[in-house]
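Fold and geometry: a report
Residues per chain, in single letters:
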Amino acid sequence: MRIILLGPPGAGKGTQAKRIEERYEIPQLSTGDLLRDAAKRKTPLGTEAKAYMDEGRLVPDPLVVGLIVERMGLPDCASGFILDGFPRTVGQAESLEKELDRKKSPIGAVICLRVDREKLIERLVGRRICPKGHGEYHLRFRPPKIEGRCDVCQTELVQREDDQEDKIRTRMKAYETETAPLIEFYRDRGLLKPIEAGGTVDSTTQQIESALNAA
Ligand code: AMP
């Protein structure tokens, strides 16, 4: 099954994508993770992308499309995948559609997570991550056992550069102007599955599973 997970920053795309990955045994393809990894390795693409990401702006389409098309070509994607954070513009969605038409392997469902704006900001401002990749915490909703330290490796938790309030505002704006038009794009194609994602992680997962089982 090929699935797109759509939604504003802080909607819980990453968390839900990981659950779908396990449940349906298809890989989660997160352009945010791929870009952060390229930036960490200081590849030319990663270095160029980092300047945009640190500001909370979208990375230009050609860079992101190239990266994701390459990733979708790997063998683990043969029986499907879940796209987390891609597409984010109509241009990206059109490129994706062309690529998947060429492979005769269309998208099966577009899960669209909806959360109130105040809740999104609260989730993002309190988010802390393990710099060694052991996952995400939240100051209020998912605090670590020892304050400020990762439960797995005890490394000091950090805040993502783009989770600072001014950057969050830029990201929200990018979502509203560039990404929200995709809701109509996929509704027109009969693929959209709107989900109320302001409740618990489990209740969102349940709704997603019902929507996918009916798809
Ligand atoms: P995320 O981890 O999905 O919140 O993405 C973090 C940042 O990576 C975004 O704010 C953008 O700067 C960049 N990014 C991730 N996915 C895309 C995309 N599909 N198009 C453009 N920029 C992206």
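Our structure is the block above this text.
Residues numbered from 1 in each chain as written. Predicted model: local features only at pLDDT ≥ 70, side-chain atom pairs only at ≥ 80, totals over all residues. Heavy atoms only, no water.

1. Notes on the packing of aromatic side chains
In this description, a pair of aromatic rings is defined by centroid distance and the angle of the planes. Counted according to the given criterion, the structure contains one aromatic pair. Geometrically, the ring pair formed by Phe185 and Tyr186 is edge-to-face, given 4.9 Å between the ring centres and 80° between the ring planes. One Lys or Arg, Arg23, reaches over the ring of Tyr24 and ends 5.0 Å from the middle of that ring. The ring of Tyr137 has Arg142 lying over it, and the distance from NZ or CZ to the ring centre is 5.1 Å. (Phe/Tyr/Trp six-rings, centres within 6.5 Å; stacked < 30°, edge-to-face > 60°. Lys NZ or Arg CZ within 6 Å of the ring centre and 35° of its normal.)

2. Thoughts on the nonpolar core
With 28 residues, the main nonpolar core has Leu83, Leu96, Val110 and Tyr186 as its most contacted residues. Listed by contribution, the elements that provide at least two residues to this core are strand S1 (2-6), helix H3 (44-55), helix H4 (61-72), strand S3 (81-84), helix H5 (90-102), strand S4 (109-114) and helix H8 (181-188). With six residues, the top contributor of residues to this core is H4. Not counting residues within four places of it along the chain, the set of residues in contact with Leu96 comprises Ile4, Met72, Leu83, Phe86, Pro87, Ile107 and Tyr186. (Core = buried A, V, L, I, M, F, W, Y, C linked by side-chain atoms within 4.5 Å. Buried < 20%, exposed > 50% of the residue type's maximum accessible area, 1.4 Å probe, protein only. Helix = DSSP H or I, 4+ residues; strand = E, 2+ residues; numbered from the N terminus. Contact = heavy atoms within 4.5 Å.)

3. A look at the sheet that holds S1
The five strands lie next to each other as S2-S3-S1-S4-S7, forming an open sheet whose pairing is parallel. Two strands bound the open sheet, and with one partner strand each, they are strand S2 (28-30) and strand S7 (192-196). Pairs of neighbouring strands in the sheet enclose a mean axial angle of 20°, with direction left out of account. Sheet topology places S4 next to S7; five bridges connect them, and they run parallel. (Pairing = 2+ DSSP bridges. Axes fitted to C-alpha atoms, helices over the stretch in contact; angles between N-to-C directions.)

4. Things to note about the site of the ligand
Thr31, Arg36, Arg57, Gly85 and Gln92 are the nearest of the 16 residues found near the ligand. Between the ligand and Arg57, the relevant distance is 2.6 Å, taken from an oxygen atom to a main-chain nitrogen or oxygen of the residue. Within the backbone of Val59, an N or O atom sits 3.0 Å from a nitrogen atom of the ligand. Burial of the ligand by the protein amounts to 95% of the accessible area it has alone, namely 480 Å². The biggest single contributor to the shell around the ligand is helix H2 (residues 31-40), with four residues. Looking at the shell around the ligand, its residues break down into six nonpolar, four polar and six charged. (Near = heavy atom within 4 Å. Polar contact = N/O pair within 3.5 Å; in protein donor to acceptor, adjacent residues only side chain to side chain. Areas by Shrake-Rupley, 256 points an atom, 1.4 Å probe, with all protein chains shown as cover. Nonpolar A, V, L, I, M, F, W, Y, C, P; charged D, E, K, R; others polar.)

5. Quick notes on H2
Of the positions making up H2, those classed as buried are Thr31, Gly32, Leu35, Ala38 and Ala39. Angularly, the buried residues of H2 cover 130° about the axis, an arc narrow enough to put them on a single face. Elements that come into contact with the buried residues of H2 comprise S2, H3, H4 and S3. Lys42 sits one or two residues past H2 and shows a positive phi near 55°. (Arc of directions from axis to C-beta.)

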